[in-house]
Amino acid sequence: MNASFGSFSPTDKSCPVTLHLCAGYYHDRYRDLSKESSPSIIIAPNAGIAAYRSWLPTLELIKKIKAPAIFSDYCEEACCLSMSCISSVTGSDPSFPIQLNPFRQPLAVEDSALCIPCHSNCFLFGI
């Protein structure tokens, strides 16, 4: 699935932002995507990095291409665990420390087993 948003075409150089949405793992799709352009920034909302081993090849690729990446997660604990995973792969500390996302979903996540604040896209962090 590819999509571009805005009134400009993806090839119009005056367009300030172009989004390409594609199904699949980033590390699997990177070769095809990089033929058109390289990423200015990678954004992964509610990433769940610590919960999914499938992130490891993507993190290695992000380190290799040196693209800035911003992630969000539901709670601060998930971000801390994710940053530990990222640091073990990249060998460096975050360049964008964990912080509350002012644009998070205002309603708490219901049915959570955690007794800590949980909101969609609640905390941000990045490399």
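Rules used throughout
- Residues numbered from 1 in each chain as written.
- Predicted model: local features only at pLDDT ≥ 70, side-chain atom pairs only at ≥ 80, totals over all residues.
- Heavy atoms only, no water.
- Disulfide = S-S within 2.5 Å.
- Helix = DSSP H or I, 4+ residues; strand = E, 2+ residues; numbered from the N terminus.
- Buried < 20%, exposed > 50% of the residue type's maximum accessible area, 1.4 Å probe, protein only.
- Lys, Arg positive; Asp, Glu negative; His and termini not counted.
- Salt bridge = Lys/Arg side-chain N within 4 Å of Asp/Glu carboxyl O.
- Polar contact = N/O pair within 3.5 Å; in protein donor to acceptor, adjacent residues only side chain to side chain.
- Contact = heavy atoms within 4.5 Å.

J.: Account for the state of the cysteines, with residues named and values stated.
T.: As enumerated under the stated definition, the model contains zero disulfides in all. With no disulfide of its own, Cys-79 has Cys-75 as its nearest cysteine by sulfur position, at a separation of 7.0 Å.

J.: An account of the side chain of Asp-73 is requested, with residue identities and associated values reported.
T.: As for its placement among the helices and strands, Asp-73 is situated in strand E2 (residues 69-73). For the buried residue Asp-73, which engages in no salt bridge, the nearest side chain bearing the opposite charge is Arg-104, 13 Å off. Engagement of the side chain of Asp-73 in a polar contact is seen with the backbone nitrogen of Gly-48, the distance being 3.2 Å. For Asp-73, the residues in contact, after removing those within four places along its chain, are Asn-46, Ala-47, Gly-48, Ile-49, Ala-78, Cys-79, Ser-82, His-119, Asn-121, Cys-122 and Phe-123.

J.: Would you mind going over the pattern of salt bridges in detail, with residue names and values included?
T.: Across all of its chains, the model carries one salt bridge by this definition. The salt bridge involving Asp-32 is made with Lys-35; its shortest N-O contact spans 3.9 Å. Classification of Asp-32 by relative accessible area gives partly exposed; the value is 43%.

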